[in-house]
Amino acid sequence: MIEDKNPQRTSIAQLGEFGLIEHLTKNFEVNQPSTLKAIGDDAAVLDFKDKKVVVSTDLMIEGVHFDLAYMPLKHLGYKAVVSNVSDICAMNAKATQITVSIAVSNRFPLEALEELFAGITLAANEYKVDVIGGDTTSSQKGLIISITVLGEADAEEIVYRNGAKSSDLLIVTGDIGAAYMGLQVLEREKQVFQVNPNAQPDLDAYTYLIERQLKPEARKDVRTLLHALEIKPTSMIDISDGLSSEIMHLCKQSKVGCNLYEDKLPLDPQLISVCEEFDIDSTTVAINGGEDYELLFTIAMEDFEKIKANPNFSIIGHMVQESEGIHLVTRANTKIALKARGWNALSE
Ligand SMILES: [Mg+2]
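About the criteria used
Residues numbered from 1 in each chain as written. Predicted model: local features only at pLDDT ≥ 70, side-chain atom pairs only at ≥ 80, totals over all residues. Heavy atoms only, no water. Donors = N, O, S within 2.8 Å, 3.2 Å for Na, K, Ca; no water. Helix = DSSP H or I, 4+ residues; strand = E, 2+ residues; numbered from the N terminus. Buried < 20%, exposed > 50% of the residue type's maximum accessible area, 1.4 Å probe, protein only. Polar contact = N/O pair within 3.5 Å; in protein donor to acceptor, adjacent residues only side chain to side chain. Pairing = 2+ DSSP bridges. Axes fitted to C-alpha atoms, helices over the stretch in contact; angles between N-to-C directions. Contact = heavy atoms within 4.5 Å. Salt bridge = Lys/Arg side-chain N within 4 Å of Asp/Glu carboxyl O.

## Describing the coordination of the magnesium ion
Coordination of the magnesium ion by the protein comes from Asp87 (OD) and Asp238 (OD), over a distance range of 2.1 Å. On the criterion of sequence distance, the pair formed by aspartate 87 in helix α2 (residues 73–89) and aspartate 238 in strand β8 (residues 235–238) is long-range, its members being 151 residues apart. Classification of aspartate 87 as partly exposed rests on a relative accessible area of 23%. Of the residues examined, aspartate 238 reaches a relative accessible area of 3% and is grouped as buried.

And the structure:
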């Protein structure tokens, strides 16, 4: 966890926009050789030489994508960068630069923005991405963060969503579902706190789940791991909305079906015990919970031997003909049609 909390409150208006930007960006380092000019001119200048450039962008709105009641600003800044870097990892590319734009209401003092930018800086250093620009403006209500991330890869390295074949194996990194259950724990604590503000939460039994929700990591290591194994995925996506919805994306774009095996889903022991406590089915959580930022990919059957015993990866299913559909094969060996019930900000 990241410690934060600065007790002072300085009004943003005191600094003015340019003073604010200078103050918030003064700690950013430039490390990527492709960054010729970062912050400080009308535009940044980049040179990727013979590499392909991959670009992704993300918009996060207070009350829709995050709740500041249990998401400390430093964690929010960290997570905003991570979720963007994860999209570049999902292309089998290396993240190199980000731009950060925020709109903020005057209820946020300077110290709050310092916390947010401390988290952004921490993640930028961890993931070696240069912050090369952005914008700061005021909002009528709440906080809005938009990050654009750039990355690089050789043309032949890039992995799309549409390359899976009907005999490919389906693989996931790490474990899944924990970030969603971390959110359930935090929601419950928020309600307890609203009833009794003096309640001291004992969260020791939930540390892994909460960490996965508040300080997720992007799998930048997977590109290197797969390269060392001499495996190039045939399709790939990151798990932001939930496993089932990501499987549907791969299947739809690759024009294949899928059999996903319930008994192969990688679940952390803490997830299993907290699901029991909350009386929630852990398979449902693993399939529908989002924000794990693990990678989901397919590989050709002939690469099975290279990956089968690797602790970083779980083989959770295989692709089939499109006409066979997309199914979960349960422990009882029954087949259930998979539905995309991932997080959908538009439906809430
Ligand atoms: Mg994605």
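Alright, that's what it looks like, and here's the rest.
## Let's talk about the environment of threonine 57
Looking at the element boundaries, threonine 57 is found in strand β3 (residues 52–61). Spatially, the C-alpha atoms of threonine 57 and phenylalanine 193 are 35 Å apart, while their sequence positions differ by 136 residues. At a separation of 2.8 Å, a polar atom in the side chain of threonine 57 contacts the side chain of threonine 148.

## Comments concerning the sheet that holds strand β5 (residues 130–138)
If you trace the 4 strands from one edge of the open sheet to the other, you get β3-β6-β4-β5, paired in mixed fashion. Looking at which strands have only one partner, the edges of the open sheet turn out to be β3 and β5. Strand-to-strand twist across the sheet, computed as the mean angle between neighbouring axes with direction ignored, equals 15 degrees. Where strand β4 (residues 94–104) meets β5, 8 bridges bridge the pair, whose relative direction is parallel. Paired with alanine 103 across the bridge in β5 is threonine 137. Contacting β4, β5 and β6 (143–153), helix α3 (residues 110–126) runs over the sheet at an angle of about 170 degrees to β4.

## Re the pattern of salt bridges
Taken as a whole and judged by the stated rule, the model has 17 salt bridges. Note that aspartate 175 is salt-bridged to arginine 212, the shortest N-O span being 4.0 Å. You can see aspartate 175 sitting in the loop between β7 (169–173) and α4 (178–195) and its partner arginine 212 sitting in helix α5 (residues 207–214), a full 37 residues away along the chain. Just as aspartate 175 is buried, arginine 212 falls in that class too. Between arginine 219 and aspartate 221 there is a salt bridge whose closest N-O contact spans 3.0 Å. The exposure class assigned to arginine 219 is buried, which follows from its relative accessible area of 14%. Relative accessible area serves as the criterion here: at 31%, aspartate 221 is assigned to the partly exposed category.

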